[in-house]
Amino acid sequence: MHYDVIVIGAGPGGCMAARELSARGFRVLLVEREALPREKACAGFLSPEALRLIEGAFGGLPPQCRNEEAGALGVRLLCERGGVYDFPFSGEGVSVERSLLDAFLAGNCGAELADGYEVVDFDLRRFHVKALLRKGEEEESVEATYLVGADGAGSLSLRLVRPEFHRLYAAPRLEKGMLVVSEGRADWDARWMGLAMTGEGTGLARFFARGDRISLAVSIREGRGWREELDSLQAFLSRRVGLVLRGEAVRNPTARNRMGAAGDYNLGAGCALLVGEAAGLVDPWGFGIRLALESGRVAAAAVADSAGENITPHLRYRYLMQPLLEEEIAQRRRFAGRVGEVDVSALASPRGRRERGDRRALRRRLHV
Ligand SMILES: Cc1cc2nc3c(=O)[nH]c(=O)nc-3n(C[C@H](O)[C@H](O)[C@H](O)COP(=O)(O)OP(=O)(O)OC[C@H]3O[C@@H](n4cnc5c(N)ncnc54)[C@H](O)[C@@H]3O)c2cc1C
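J.: I'm lost on the overall build of the protein in this one. Help?
T.: Across its full length, the protein holds 9 helices and 18 strands. What you see for the protein is a C-alpha radius of gyration of 20 Å, in line with the 21 Å of a compact globule of 368 residues. Across its three principal directions, the C-alpha atoms of the protein cover 60 × 40 × 40 Å. Of the accessible surface of the protein, which amounts to about 15,700 Å², a share of 46% is contributed by carbon and sulfur atoms.

Below, the structure is given as structure tokens:
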């Protein structure tokens with residue numbers, strides 16, 4: 001079977017690319033290794049910009065995707081020495097159930113959907129890609145003119161399209177972690193994504209509340225395992241917000257690629273374009289849905305612009321993405337006003353000694 005475009009990964013980046021290409025008349029195959037709806041470790045905070053991108057391409061968000069109990073205001077940071085800082089979105093966003101959001105996007109993108117199929121290999125030539133798909137024991141190959149790699153943090157597409165970049169920049173910055181979800185309670189406004197900068201921890205831990213469920217997300221880094229980070233976080237949150245957990249916890253491994261923190265994004269090569277986390281697009285707070293949607297939209301435009309001409313879309317994509325990448329890098333350097341999805345004015349010009357210390361520590365831990 002020959003398609004115009006194979007899209008790997010039915011997260012927000014892949015669904016947006018598939019939607020925009022299908023709407024322009026391209027024959028698109030969207031391949032997702034999990035059967036949908038699939039679990040995705042995510043807090044489900046959509047900024048107003050992310051929501052606008054979804055509504056612009058897919059129409060209104062169906063009520064079942066929304067978490068009605070809470071909106072999404074941004075990030076609230078708790079520091080070891082007592083500091084509390086709010087970094088708001090540009091307005092109130094929404095909170096979603098990620099598994100249902102992604103299933104909605106995939107089901108409404110207009111592409112042929114092959115869920116439950118993993119892409120295990122592909123061969124890339126100029127204007128030709130042949131991908132090998134696997135489902136259980138079954139294998140099948142499909143061909144297309146273009147490829148969009150939207151396969152997230154541990155991207156196979158990045159590894160196959162740019163092996164040297166993957167080895168030098170992406171693999172060393174792949175940060176693994178654990179999301180632990182338990183029943184429990186805490187004195188916490190669920191509209192904020194919580195960020196904890198504990199004294200013992202080396203990174204930044206995240207936490208969020210949904211109804212009577214509390215989720216704690218920690219990373220494995222600098223010789224500390226996730227259990228040690230989790231213990232530090234739990235002790236910190238029980239002191240600061242009265243966290244009490246009960247019952248069995250459910251664990252979900254997480255992965256995030258921090259290559260973009262050093263400005264090392266990779267948008268692919270030739271006829272293979274990388275979007276979302278596969279390209280390193282995630283902001284310092286760990287929000288990546290808006291960037292995935294935006295890059296999926298731009299990748300589709302680049303393919304459409306170059307189709308029919310004897311040029312591969314990669315350079316066009318790079319050119320169209322340049323302002324967004326420059327803005328991301330400039331925001332991190334300035335660390336004032338908006339950084340990624342949120343406004344950091346609460347720590348932009350710290351007055352006291354404690355605030356100055358918190359700001360320095362935060363920048364160090366965010367690697368910005
Ligand atoms: C704990 C946690 C909380 C987060 N909270 C937020 C938040 O509140 N707001 C926010 O904006 N961001 C959040 N993020 C980040 C956000 O989840 C990601 O940045 C975003 O999902 C990236 O989208 P994507 O489309 O690039 O990739 P993904 O959403 O990761 O989708 C990639 C898809 O590709 C599929 N895939 C991978 N390999 C293959 C293969 N070989 N063949 C076929 N399919 C494949 C995967 O199964 C997956 O469905 C959070 C991340 C974590 C870990």
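J.: Explanation requested: the site of the ligand in the structure shown.
T.: Taken together, 34 residues surround the ligand, and among them Gly13, Glu32, Arg38, Phe45 and Glu277 come closest. Between a nitrogen atom of the ligand and a main-chain N or O atom of Arg33, the distance comes to 3.1 Å. Within the contact set of the ligand, an oxygen atom lies 2.8 Å away from a side-chain nitrogen or oxygen of Arg38. Within the complex, 95% of the 1,000 Å² of free accessible area of the ligand lies under protein. Split by residue class, the shell around the ligand holds 15 nonpolar, 9 polar and 10 charged. There are two domains that each give the shell around the ligand at least three residues, and those are domain 1 (2-71 + 92-173 + 258-334) and domain 2 (176-255).

J.: How should helix H1 (residues 12-23) be read in this particular structure?
T.: Given 3.6 residues per turn, any residue in an α-helix points the same way as the ones three and four places further on. Given a rise of 1.5 Å per residue, 12 residues ought to cover 16 Å, and the 16 Å separating the end C-alpha atoms of H1 matches this to within 8%. Most of H1 is tucked away, with 10 of its 12 residues classed as buried. What H1 keeps buried is the set Pro12, Gly13, Gly14, Cys15, Met16, Ala17, Ala18, Glu20, Leu21 and Ser22. Those residues of H1 that are buried lie in contact with strand E1 (2-8), strand E2 (28-32), helix H2 (48-58), helix H3 (98-107), strand E9 (138-149) and helix H7 (289-306). Once H1 ends, the next one or two residues include Gly25, with phi positive near 95 degrees.

Basis of the calculations
Sequence positions are assigned chain by chain, starting from 1 and proceeding in written order. In keeping with the model being predicted, local features are shown solely for residues with a pLDDT of at least 70 and side-chain atom pairs are shown and tallied solely at 80 or more, while totals for entire chains, interfaces and linings include all residues. To get the side-chain values, take all heavy atoms of the structure and skip hydrogens and water. What counts as a helix is a DSSP run of H or I of at least four residues, what counts as a strand is a run of E of at least two, and both are numbered from the N terminus. With the radius of gyration taken over C-alpha atoms, the globule rule is written as 2.2 Å times the number of residues to the power 0.38. Only the protein chains shown count as cover for residues, and all accessible areas are computed by the Shrake-Rupley method using a 1.4 Å probe. Nearness is judged by heavy atoms alone; a residue qualifies as near a molecule or strand once a single heavy atom is within 4 Å of it. Whenever a nitrogen or oxygen atom comes within 3.5 Å of another N or O atom, the pair is scored as a polar contact, on the condition that within protein one atom can donate a hydrogen and the other can accept it, and that pairs from neighbouring residues in sequence are kept only if both atoms are in side chains. Three classes are used, and their members are as follows: Ala, Val, Leu, Ile, Met, Phe, Trp, Tyr, Cys and Pro are nonpolar, Asp, Glu, Lys and Arg are charged, and the others, Gly among them, are polar. Note that the domain bounds were set by an automatic or database domain assignment. Expected helix span is computed as 1.5 Å times (number of residues minus one). When accessible area is computed with a 1.4 Å probe and restricted to protein chains, residues below 20% of their type maximum are described as buried, those above 50% as exposed, and intermediate ones as partly exposed. Any pair of residues with heavy atoms lying within 4.5 Å of one another is described as a contacting pair.

So far we have only geometry, and geometry alone does not tell us how the molecule works.
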